[in-house]
Amino acid sequence: MTRRFSLGAVTVVTFLGLWELLGRTDALGDHALPPFLATASALGRAVAAAEFWMAAGHTAVQWALGLAGAMLVAIPLGLFLGLGRLRHRVTRSTIDFLRTIPPVMLLPLFVLVWGTGLKMVVLLAIYAAVWPMLTQTITGVRQIDQATMDTAAIFKISAWRRFWRVLLPAVSPFITSGVRVSAVISLFIAIVCELVAGSPGIGQLLAQAQLGGDTALMWGLILVTGVLGVLINTVFKTAESQLLAWHPAYAKGQ
Amino acid sequence: MTRRLILVAELVALPFLLVTVWWFSSAGSSSVFFPPLQTILAALVDWFPEGVTRDVVPSVVNLLAGYAIAVTAGVSAGMVLGRVRALEDAFSPIIQFMRSIPPAALLPFFILAMGPTSTMRISVIAVGAVWPTLLSTIDGARGIEPALLDVTKIYKTSRLRRIFKVLLPAASPLILAGMKTSLAFAIILVVVSEMLASTAGIGYFIISSQQYFNLPDLWAGTIVMGLLGYLLSELFFFVERRLLAWKGEI
Amino acid sequence: MTSFTTESSIMDTVQEAAPSSPALEVSRLAKSYGKREAAKQVLADITVSVARGEFVCVVGPSGAGKTTLLRCLSGLLEPTTGEVLVNGHAVDGPPDELAVVFQDYSRSLLPWMKVAANVEFPLLEKKMSKAERKALVGQMLEAVGLTQHAGKYPRELSGGMQQRVAIARALAYRPTILLMDEPFASLDAQTRAELEDVVLQLRDDFGVTIVFVTHDIDEAVYLGDRVVVLSGTPATVSEIVEVCFPTPRDQVTTKALPEFGAIRGEVLTRIRDAKQQY
Ligand SMILES: Nc1ncnc2c1ncn2[C@@H]1O[C@H](COP(=O)(O)OP(=O)(O)OP(=O)(O)O)[C@@H](O)[C@H]1O
Ligand SMILES: [Mg+2]
C-alpha cells in the first residue's frame, strides 16, 4: 500500500515536471502546451471567478439530470422488457441497433429542435445514457434463475414482495454496473454538447479558452473535466460496493 | 424451418413497425424539423454515390488509423503494466486520471496544436480512445493463469510464441471488451472532431447540413452515421466471436 | 496400447553428463514460503537421489509439500537452501530434458488451442519438421486414446480426457525426466490402469526417469521402484520403501502378488506412524 502510494507519487511528480519542462521549452510550438505552473495559476485565477462555478454548476446539473432521467427510463423499462420472453425477443434487435449508433450524431438535430440550452443537453444525455442501464437491467432479469421465481410463486409470496425481495436484489448488481457506465457517458455527452453546441458549462469555457488562445486556461479546464470524471468514478464505485456489500461478488472486498 | 421464420420475424417485426409508423406519421408533414420520411430517403438517394467517397471514406480512414494506434498502444502498454506490478503501481494514478477526462475535452488542445487536419483527428483518437483498451488489458494481463506461465517455462517456449500464443490469447476476452469501448470512443471522437473543425467527413456533412438548415440532408446524414456506427460494431462483434470461439459461450 | 519405439532417439537433446551421475539428486533441500516473520517452512532437509530410468513415487498427506518438492525439482521454484542436480548439473530454471504433468491439469492446457495443437505446442521449440511433429502428435494422442478428439477444444472434454491431453503433451516432448503431480487423480479406474501402463511402457522404451506424486498407495506401489513417504510439518522424507516386483508389471498379476499386499501395508504403516509422530 505504502509502496504503491510512493511509487505513484514519484511518477506523478515526474510527470508534472516533464510537463513543466515541455511547456517552458514550448516543445509543441504555438504555446499549445503551456508549463504546468502556468496552467495551475490560470486555473487558480479561473476558480476565483463566479463564472467558473456557474459553468461547473451547469455541467453538474446537466450531468445529473441526464443520468437521473436515463435511470427513470431505463430501469423500469429494462425490468418490463426483461420479464417477458416475447417482449424481450421482439425488442432485442431494435435495442441492439439503437445502442450501437453513436449518440453524438444526434446533436445537430437536437440543437435545431431544442436549441442549445439545458433541455437539449439533458435530452441527449438521457438518450446516450439509457443504453448501458437498459441492456444491463434486461440481462440481469434474464439471468435470474427461473427456479428462484417459481419457488417464490409456489410459496405464495405476494407479487409486491417478490419484486422487492427477489427480483430487485437479483438484478441490482447488473443495474449498478450499468449506472456506473451511464454516469460516465452522461458526463461525456454534457461536455460534448458544451464544446460543440456552446451549451453553458465547463466545455463551453474550454472552447472559449481555445478560441481565445488562452492555452493555460484551456489546460486548466481539461484538468477540471478529469477531476469531475474521477469524482464520478470514485463516488459510483464506492456507492456500488456499499450497496452491494451483501452480494457474494463483493463480500470479499472485490 | 418454422423456428427460423419465427426468429427472423421477431428480429424484423419491431424495426419494420417503427419505420412504417415513421413513414405514415411523417407523410405530408409540414414541420421543418420533421420532414416526411420520403423526403429524407430522397435526400439519401441523392447523397448516395458521391457521398460515400466524400463523407464516409475520410471519416472511416481517420477512425481506423487512430483506432489502430490506440489499440496497439493500449494492448502493448497494458500487457507490460499488467505483468509488472511495480510499473502498474507507478503509473496507476496517472492512468486513472487520464481515463477520467472525457475524451472530447482533449479536442481543443489538438485542434490548437494541429489545426483541422487528419493528423489532428488521428492523434485525438489515438490519445482519447486508448484508455478503455489499456485498463482492460491490464486487468486481463494481471489475471493470466499462472499455470500457463509454468507450462511455457517448462517447455522453453520462445518469447514471441509466449506473447502471441499464450499471453495475448489468455488476456484476449478482456482486451476485446476494452477494445469495444475504445471503438465507441473513437467513433464519437471522429464525429465530434469533424463537427468542430473540418471540411470533410460525415460529421462535417451533418453539421453543415444543420448550418444550412437543410433538414432532409441532416436527417439523411444522421441515418448514415447511425448505420455506420451499427456496421462497425457488428463487424467488431463478428471478429470478436471468431477470436473467442474457443470460449464457446458467446 | 502403442509403444514408443519409433522416431529418432530422444537422447539427441540430452545435455552432456557424467554417465555415472544420477538423473536427479536432491541434497539437503529446504523450502519456505513468504519472507521473514511471515515465512512458513514447508520442506526441511530433503535428500533423495533418483537413478536413471528409475521410477520413484512420492506419497504423503495433502498439504505435505509434494507439489512444492516437484516444483523445486523442475526448476520452477528456487529452494530456500539446498541443491537440486539434474544429470549432474545444478538446476536454476527448468532444465531442457525435463517435462511436467501438472496437478491442476485443466488450468495447464491452453484453452484456445485444440487438443492436437496443445500436444504440439512444446514441439514447436524443437528442430522438427512439420510432418514429424504431426506424426508424433498423432502417436501420442493414440497412446492416450484421444485420436478422435484431436480437433476439439479442451473445454469440450471431460476432466479425465483433459488430463490425458496434458500427459500426451508431456510425453510428446520426449523428456528424459518426467515429473508427474497426481496425474491420474480424476480418472476412472479403467483409464487410470491403462495410463499407468502407458507410463510404465514409456519408461521401458526410453529409460525415462519418472518422479510420480500420488495419493493412492496402491498406485505408488504398483508403479514405483521406490516409494518416498513425505510427512510432517515441515515435511521430511520419513521413509523410502523399496518395491521389488518383477518387471514388466501387470495390473492383474502384480497386484495379486503376496508381496504387493505386504509392501502396501508397510507404506501405509509408515504414513500412519509419521502422522502420529507429529
Ligand atoms: N505459493 C505458496 N505460498 C505460500 N504457501 C504455499 C504456496 N504453495 C503452497 N503453499 C503451502 O505449502 C504447503 C504445501 O503445499 P503443496 O501444494 O506442496 O502440498 P501437496 O502435498 O502438493 O498437497 P496436495 O496433495 O493437496 O496437492 C501447504 O500448506 C500450502 O498451503
Ligand atoms: Mg499438490
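See the structure shown above.
Report follows, based on the coordinates. Computed from a predicted structure; not experimentally measured.

## Here we look at the pattern of salt bridges
- Evaluated as defined, the whole model comprises 26 salt bridges over all chains.
- Close ionic contact of Asp96 of chain A with Arg99 of chain A constitutes a salt bridge, the shortest N to O distance being 3.1 Å. Note that Asp96 of chain A and Arg99 of chain A are positioned in helix 4 (residues 85–100) at a spacing of 3 residues, about one turn of the helix.
- When its relative accessible area of 41% is taken as the criterion, Arg99 of chain A is described as partly exposed.
- In this structure, Arg249 of chain C engages Asp225 of chain C in a salt bridge whose closest nitrogen and oxygen atoms are separated by 3.7 Å. Highlighted residues: Arg249 of chain C in the loop between strand 10 (236–242) and helix 8 (253–256) and Asp225 of chain C in the loop between helix 7 (217–223) and strand 9 (226–231), separated in sequence by 24 residues.
- Under the relative-accessibility criterion, Arg249 of chain C is labelled buried at 11%.
- Judged by its relative accessible area of 19%, Asp225 of chain C is buried.
- Connected through salt bridges with shared partners, the residues Arg192, Glu196, Asp216 and Glu219 of chain C form a single ionic network.

## Description of the interface of chain B and chain A
- The interface is formed by 53 residues belonging to chain B together with 50 residues belonging to chain A.
- The junction of chain B with chain A conceals about 4,600 Å² of combined surface from both sides, 77% of it contributed by carbon and sulfur atoms.
- In terms of surface lost to chain A, no three residues of chain B exceed Glu10, Phe109 and Leu112 of chain B, which account for 14% of the buried area on that side.
- Put simply, chain B and chain A have 2 salt bridges between them.
- Here Arg89 of chain A makes a salt bridge to Glu10 of chain B, at a shortest N to O gap of 2.6 Å.
- Counting across the chain B and chain A interface gives 7 residue pairs in polar contact (both at pLDDT 80 or more).
- Those elements that place two or more of their residues in the side of chain B that touches chain A are helix 1 (2–26), helix 3 (85–100), helix 4 (107–114), helix 8 (159–196), helix 9 (202–211) and helix 10 (215–243) of chain B.

## Observations concerning the site of ligand 1
Residue and element names in this part refer to chain C.
- Not every one of the 14 residues close to ligand 1 is listed here, only the nearest: Lys40, Ser62, Lys66, Thr67 and Thr68.
- Between ligand 1 and the protein, one listed contact pairs an oxygen atom with a backbone N or O atom of Ala64 at 3.2 Å.
- Isolated, ligand 1 exposes 640 Å² of accessible area, and the fraction of that covered by the protein chains is 61%.
- Within the residue set of the shell around ligand 1, elements represented by two or more residues are strand 2 (40–50) and helix 1 (66–73).
- When residues in the shell around ligand 1 are grouped by element, the largest group, 3 residues, is from helix 1.

## Concerning the interface of chain C and chain B
- Between chain C and chain B, the residue contacts involve 26 residues of the former and 20 residues of the latter.
- Between chain C and chain B, roughly 2,100 Å² of surface is buried when both sides are summed, and carbon and sulfur atoms account for 65% of that area.
- Of all residues in chain C, Trp112, Phe121 and Glu125 of chain C give up the largest surface area on contact with chain B, accounting jointly for 31% of the area buried on that side.
- Here chain C and chain B share 4 salt bridges between them.
- The shortest N-O distance in the salt bridge between Asp150 of chain B and Arg71 of chain C comes to 2.7 Å.
- Those elements that provide at least two residues to the side of chain C that touches chain B are strand 6 (98–101), helix 2 (105–108) and helix 5 (159–172) of chain C.
- The biggest single contributor to the side of chain C that touches chain B is strand 6 of chain C, with 3 residues.
- Taken together, the residues of the side of chain C that touches chain B sort by class into 18 nonpolar, 2 polar and 6 charged.

## A short note on the pairing of strand 8 (residues 209–213) of chain C
Residues and elements named next belong to chain C.
- Most of strand 8 is tucked away, with 5 of its 5 residues classed as buried.
- Neither face of strand 8 is open: one carries Thr209, Val211 and Val213, the other Ile210 and Phe212, and all of them are buried.
- When strand 3 (residues 55–59) meets strand 8, the two strands line up parallel, connected through 4 bridges. Its bridge partner lying in strand 8, Phe55 is registered against Ile210.
- Relative to strand 8, strand 7 (residues 177–181) runs parallel, the two being bridged by 5 bridges. Looking at the pairing, Leu178 lines up with Ile210 of strand 8.
- Handedness of the crossover joining strand 7 and strand 8 through helix 6 (residues 189–206): right-handed.

## Things to note about the arrangement of the chains
- There are 2 pairs of chains in contact here, and the one with the most contacts is chains A and B.
- Spatially, chain A is disjoint from chain C: no contact exists, and the shortest C-alpha separation is 17 Å.

## Quick notes on the packing of helix 3 (residues 50–83) of chain A against helix 10 (residues 215–243) of chain A
Residue and element names in this part refer to chain A.
- Viewed as axis vectors pointing N to C, helix 3 and helix 10 meet at an angle of 40°, and their least axial separation amounts to 13 Å. On the basis of their axis angle, the class for helix 3 and helix 10 is oblique. Seen along the crossing, helix 3 lies across helix 10 with a hand that is right-handed. Contacts between helix 3 and helix 10 involve Phe52, Thr59, Trp63 and Leu67 from the former and Leu221, Val224, Leu228, Ile232 and Phe236 from the latter.
- Partitioning the contact of helix 3 with helix 10 into residue classes produces 8 nonpolar, 1 polar and no charged.

## Some thoughts on the coordination of the magnesium ion (ligand 2)
All names here are of chain C.
- Within the protein, the atoms that donate to the magnesium ion (ligand 2) are Thr67 (OG1) and Gln103 (OE1), at distances of 1.8 to 2.2 Å. Here Gln103 lies in the loop between strand 6 and helix 2 and Thr67 lies in helix 1, a separation of 36 residues in the sequence.
- You can call Gln103 partly exposed: its relative accessible area is 31%.

## Description of the sheet that holds strand 6 of chain C
Residue and element names in this part refer to chain C.
- Ordered by their spatial adjacency, 6 strands build an open sheet running 6-7-8-3-9-10, and the pairing between neighbours is mixed. Two strands in the sheet have a free side with no partner beyond their single neighbour: strand 6 and strand 10. Taking each pair of neighbouring strands and ignoring which way they run, the sheet shows an average axis angle of 15°.
- Relative to strand 7, helix 1 is tilted by about 155°, and along the sheet it contacts strand 3, strand 6, strand 7, strand 8 and strand 9.

Rules of the game
- Residues numbered from 1 in each chain as written.
- Chains lettered and ligands numbered in written order.
- Predicted model: local features only at pLDDT ≥ 70, side-chain atom pairs only at ≥ 80, totals over all residues.
- Heavy atoms only, no water.
- Salt bridge = Lys/Arg side-chain N within 4 Å of Asp/Glu carboxyl O.
- Helix = DSSP H or I, 4+ residues; strand = E, 2+ residues; numbered from the N terminus.
- Buried < 20%, exposed > 50% of the residue type's maximum accessible area, 1.4 Å probe, protein only.
- Contact = heavy atoms within 4.5 Å.
- Buried area = accessible area lost by both parts, 1.4 Å probe.
- Polar contact = N/O pair within 3.5 Å; in protein donor to acceptor, adjacent residues only side chain to side chain.
- Near = heavy atom within 4 Å.
- Areas by Shrake-Rupley, 256 points an atom, 1.4 Å probe, with all protein chains shown as cover.
- Nonpolar A, V, L, I, M, F, W, Y, C, P; charged D, E, K, R; others polar.
- Pairing = 2+ DSSP bridges.
- Right-handed = clockwise from strand over helix to strand, strands pointing away.
- Axes fitted to C-alpha atoms, helices over the stretch in contact; angles between N-to-C directions.
- Parallel < 35°, antiparallel > 145°, perpendicular 65-115°, else oblique.
- Left-handed = near helix turned anticlockwise from the far one by under 90°.
- Donors = N, O, S within 2.8 Å, 3.2 Å for Na, K, Ca; no water.

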